[in-house]
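Descriptive analysis of the structure
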Amino acid sequence: MSEWLLKGGRVIDPATERDEIADVHIADGVIAAIGKSLQGVGAELIDAQGAVIAPGFVDLHTHLREPGREDEETIASASAAAAAGGYTAICAMPNTDPVCDTSSVAEKVWALGRELGLVDVRVAGALSRGLEGAVMADIGEMARSAARVTMFTDDGHGVQDSLFARRTMEYLVAFDAIYAEHCEDAALAAGGQMNEGDRSAALGLRGIPAEAEELMAARDIALAKLTGCRLHLLHISTAGTVELVRRARAEGARITGEATPHHFTLTDAALETYDPLMKVNPPLRSDDDVAAVIRGLADGTIDAIATDHAPHAVEEKDQEFGYAPPGMLGLETAMALGITELVAAGHLDLPVLIELMSTRPARILGLDAQGSLEVGSAANVVVFDPVARWTVDASSLQSKSRNTPFHGREVTGRVMHTFFEGRPTVLDSKVLSEATT
Ligand SMILES: [Zn+2]
């Protein structure tokens with residue numbers, strides 16, 4: 001096992017409230033020491049002056065597409081994309097083919113991730129069989145499996161049947177597992193192409209009202225209070241949902257929430273060109289919604305930045321707006337958008353961004369080995385240049401797909417090195433195809 005000495009970086013660790021210029025010594029897979037002028041005899045030196053050294057990022061919301069659509073993404077390509085983006089753990093959504101609603105699928109995905117060894121691939125199990133919202137999936141088996149599933153969701157669909165939602169929450173309490181909701185009232189959202197408002201009216205596209213998200217969020221909060229179940233709201237996109245979470249949290253509900261980079265970076269004005277790359281679900285929202293999401297991230301109401309990384313084949317995304325599937329890539333641009341749109345824009349500072357991308361999502365998933373640089377803990381580390389400017393180029397992404405709406409956009413903040421369990425997975429911004437030992 002190799003040793004590494006990261007020299008003279010700004011070490012930011014929200015878990016231990018550390019923020020200082022120091023060296024980090026990685027040995028035997030763990031953080032061996034943090035301090036000034038460390039001597040690592042035999043360790044490989046990395047000059048980290050001017051760079052930030054932080055716990056690796058944890059993505060709560062990744063679509064891997066494997067099994068089923070390996071032409072769009074595989075566990076291998078998503079792992080590489082994650083490492084390139086500074087991630088050391090990702091959580092795979094269950095809407096694959098077959099759906100991850102049994103322990104055998106969950107264990108396969110988890111084990112393949114382990115074998116690749118670029119990032120900890122955690123798995124979210126389905127709430128219902130086939131994501132149909134009617135019959136409970138094998139929740140107990142998945143929770144007890146080798147994959148140790150702690151989060152369950154029918155992401156891609158909101159659970160429409162309130163009684164099913166209640167019964168499932170009651171069942172999840174026994175495992176202290178998380179009920180994660182894609183908040184969308186299907187009847188209200190039916191046929192919608194973008195956010196409902198002045199812009200949808202001007203563009204002549206059918207709208208999805210904010211209420212389609214907020215009604216289900218309010219229902220789930222009520223049911224979480226009733227059952228005592230942990231509730232996580234996926235991709236919060238409206239001002240109303242942020243306010244619901246704020247109030248529920250103040251009342252002591254066990255509720256967490258995430259927001260995506262695209263929902264704090266882009267508004268529904270981006271739809272003016274009818275570019276299918278801007279189509280996403282929940283849709284890009286109004287200026288007021290984006291401002292509210294940013295406030296929610298800055299004041300801690302929203303716990304995590306999650307990518308909703310959703311690869312799509314070119315031939316599917318590149319068709320008339322109404323027919324294109326919703327979703328965009330996220331893993332390789334999330335940190336830079338966070339720095340550009342949140343930190344450089346003055347909404348929050350770097351330690352808060354790292355908390356949102358690493359420490360708090362790690363705690364939500366219960367990943368003890370992630371989200372912290374505590375000495376003695378697993379060395380899951382990202383080193384990034386917080387001021388480097390670069391231009392997003394879809395063709396140079398690790399992902400198998402190309403559907404980023406940020407191609408050609410200049411952003412600030414670049415991942416230099418990523419370490420997963422003490423081994424470099426990215427060095428000098430290049431993904432190592434075979435992890436160095
Ligand atoms: Zn979703």
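Residues numbered from 1 in each chain as written. Predicted model: local features only at pLDDT ≥ 70, side-chain atom pairs only at ≥ 80, totals over all residues. Heavy atoms only, no water.

**Quick look at the layout of surface pockets**
Under the convention used in this document: Here a cavity denotes grid points, spaced 1 Å and computed from the protein atoms alone, that fit a 1.4 Å probe unable to get out, and a pocket denotes an open set having protein on both sides within 12 Å along at least 5 of 7 lines; residues with an atom within 4 Å of a point are the lining. Grid points are joined across faces, edges and corners, and a volume is the space filled by probe spheres set on the points. As a working rule, the residues Ala, Val, Leu, Ile, Met, Phe, Trp, Tyr, Cys and Pro are called nonpolar, Asp, Glu, Lys and Arg charged, and the rest polar, with Gly in that last group.
Computed from the structure, the largest pocket encloses a volume of approximately 400 Å³. Considering only enclosed or pocket space, the second largest pocket measures out at about 330 Å³ in volume. Residue lining of the second largest pocket: 20 residues in total, with A84, E332, W390, R414 and S429 positioned closest to the centre. Of the residues assigned to the lining of the second largest pocket, the class counts are 10 nonpolar, 7 polar and 3 charged.

**Examining the sheet that holds strand β15 (residues 304-305)**
Selection criterion: Being paired, for any two strands, means DSSP has found at least two bridges between them. Segments assigned H or I by DSSP are reported as helices when at least four residues long, segments assigned E as strands when at least two residues long, and all are numbered from the N terminus. By definition, residues are in contact when any of their heavy atoms lie within 4.5 Å. Only C-alpha atoms enter the line fits that serve as axes; for helices the fit covers just the stretch in contact. Angles between N-to-C directions range over 0 to 180 degrees.
Across the sheet, which stays open at both edges, the 5 strands sit in the order β9-β10-β13-β14-β15 with parallel pairing between neighbours. Whereas interior strands pair on both sides, the edge strands pair on one side only; in this sheet they are β9 (151-153) and β15. In the sheet, strand β14 (residues 255-259) pairs with β15 via 2 bridges, with the strands oriented parallel. When the sheet's bridge partners are listed, E258 is paired in β15 with A304. Helix-sheet contacts for helix α4 (residues 162-173) involve β9, β10 (178-181) and β13 (230-233), and the interaxial angle to β10 is about 145°.

**Examining the coordination of the zinc ion**
Let me state the cut-off plainly: Here the coordinating atoms are restricted to nitrogen, oxygen and sulfur within 2.8 Å of the metal centre, or 3.2 Å for Na, K and Ca, and because water is not among them the sites may look incomplete.
Surrounding the zinc ion are the protein donor atoms D155 (OD), H182 (ND1) and H235 (NE2), which sit 1.9 to 2.3 Å from the metal. Each donor residue of the zinc ion belongs to the same chain, with the gaps between them written as D-x26-H-x52-H. Here H182, found in the loop between β10 and α5 (186-189), pairs with H235, found in the loop between β13 and α8 (239-250); they are 53 residues apart in sequence, far enough to count as distant.

**Regarding the nonpolar core**
Cut-off, in case you're wondering: Side-chain atoms within 4.5 Å are what join buried Ala, Val, Leu, Ile, Met, Phe, Trp, Tyr and Cys residues into a set we call a nonpolar core. To sort residues, take the accessible area from a 1.4 Å probe on protein chains only and compare it with the maximum for the residue type: under 20% means buried, over 50% means exposed, and anything in between is partly exposed.
With 94 residues, the main nonpolar core has F152, Y179, L297 and F384 as its most contacted residues. The greatest single-element share of this core, amounting to 6 residues, is contributed by helix α12 (residues 334-343). F384 has contacts with A51, V52, A54, F57, M335, I339, L350, I354, R414, V415 and M416, leaving out every residue within four places of it along the chain. In terms of nonpolar packing, the next biggest core, distinct from the first, is built from 17 residues, V24, I26, I31 and V381 among them.

**Some remarks on empty space enclosed by the protein**
Per the stated rule, a full pass over the model turns up 5 cavities of 30 Å³ or more. Residue lining of the largest cavity: C91, R122, V123, R148, V149, T150, M151, L365 and L367, and that is the complete set.

**A closer look at the environment of P14**
Counting through the fold element by element, P14 comes out in the loop between β1 (4-13) and β2 (18-27). Judged by relative accessible area, P14 falls into the buried class, the value being 18%. When the C-alpha atoms of P14 and E355 are compared, they prove to be 5.9 Å apart, with 341 residues separating the residues in sequence. When residues no more than four places from it in sequence are discounted, the contact partners of P14 are P55, P351, I354, E355 and T359.

**Examining the sheet that holds strand β6 (residues 57-62)**
The strands making up a sheet are joined through hydrogen bonds of the backbone, oriented either antiparallel or parallel. Taken together, 3 strands build an open sheet; the order of strands is β6-β7-β8 and the sheet is parallel. Only two strands of the sheet have a single partner each, and these edge strands are β6 and β8 (120-123). Direction aside, the axes of adjacent strands within the sheet are offset by 20° on average. Taken together, the 4 bridges between β6 and strand β7 (residues 87-92) define a ladder with parallel strand orientation. In the strand pairing of β7, T62 is matched with A92. Packing of helix α2 (residues 103-116) onto the sheet brings it into contact with β7 and β8, and relative to β8 it is tilted by some 170°.

Interpretation in functional terms is not warranted from these geometric data alone.
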